[in-house]
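Chain residues, written in single-letter form:
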Amino acid sequence: PNGILFVGRLEPMKGVDTLLRAFAAIAGRWPDARLRIVGNGSERQRLEALARELSIADRVVFAMMVQCAADTPPTMSAVTIGGISATQAGEQSPA
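Here's a quick rundown of the structure. Within every chain, residues take consecutive numbers counted from 1 along the sequence as written. With the structure being a predicted model, the display of local features is reserved for residues of pLDDT at least 70 and the display and counting of side-chain atom pairs for 80 or more, all residues being used for whole-chain, interface and lining totals. Only hydrogens and water are removed before side-chain values are computed, so all heavy atoms of the structure are retained for them.

Once that is clear, we can look at the packing of helix α1 (residues 16–27) against helix α2 (residues 44–53). A fitted line through C-alpha atoms represents every axis, and for helices the fit uses only the stretch in contact; the resulting angles, taken between N-to-C directions, go from 0 to 180 degrees. Under the scheme used here, helices are H or I runs from DSSP no shorter than 4 residues and strands are E runs no shorter than 2 residues, and both carry numbers assigned from the N terminus. At a minimum axis separation of 10 Å, α1 and α2 run at an interaxial angle of 15°. It follows that α1 is roughly parallel to α2 by the angle criterion. Crossing angle aside, the handedness with which α1 passes α2 is right-handed. When α1 is examined against α2, the residues Val 16, Asp 17, Leu 20 and Arg 21 are found in contact with a partner set consisting of Arg 46, Leu 47, Leu 50 and Ala 51. Looking at the contact of α1 with α2 residue by residue, the classes come out as 5 nonpolar, no polar and 3 charged. Small angles under 35 degrees read as roughly parallel and large ones over 145 as roughly antiparallel, with 65 to 115 read as roughly perpendicular and the rest as oblique. For any pair of crossing helices, the crossing counts as left-handed if the nearer helix is rotated counterclockwise from the farther one by less than a right angle, and right-handed if it is rotated clockwise. We call two residues in contact when some of their heavy atoms are within 4.5 Å. Charged residues are taken to be Asp, Glu, Lys and Arg, nonpolar residues to be Ala, Val, Leu, Ile, Met, Phe, Trp, Tyr, Cys and Pro, and polar residues to be all remaining types, Gly included.

What follows is the structure in structure tokens.
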């Protein structure tokens, strides 16, 4: 399998737009590669539009978040690289 997987909320702080741009930059050198983005959030429609704008929409799959751990292994076995991104740290609970 030739793919990259992102699993998480589709919110600005996650930097998924950067992942899409990075994927677009390498897509020509890795013609069989696919990017799978699993999650939902306020950025979903904007990110789908960005994939179209970058001419990679045919190689990017947007999927809903899995509901149980039993659904995760097939998703993870279909990729070579897992991506975790964020432009800022998540909220921290008070000490």
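Structure shown, so let's carry the discussion forward.
The next point concerns the environment of Ala 63. Along the polypeptide, Ala 63 turns up in strand β3 (residues 60–63). Separated by 24 residues in sequence, Ala 63 and Gly 39 place their C-alpha atoms 6.3 Å apart. Residues in contact with Ala 63, not counting those within four places in the same chain, are Arg 36, Ile 37, Val 38, Gly 39 and Arg 44.

The next subject is α2. Inspection of α2 places Arg 44, Leu 47, Leu 50 and Ala 51 among the buried residues, and these make up the whole buried set. Buried residues along α2 cover an arc of 120° about the axis, so they all sit on one side. Pointing more than 90 degrees away from the buried face of α2 are the exposed residues Gln 45, Arg 52 and Glu 53. Elements that come into contact with the buried residues of α2 comprise α1 and β3. Just downstream of α2, Ser 55 is the residue with a positive phi angle, here 60°. The buried label applies to any residue whose accessible area, calculated with a 1.4 Å probe on protein chains only, is under 20% of its type's maximum; exposed applies above 50%, and partly exposed to all values in between. Throughout, the arc means that of the directions going from the helix axis to the C-beta atoms.

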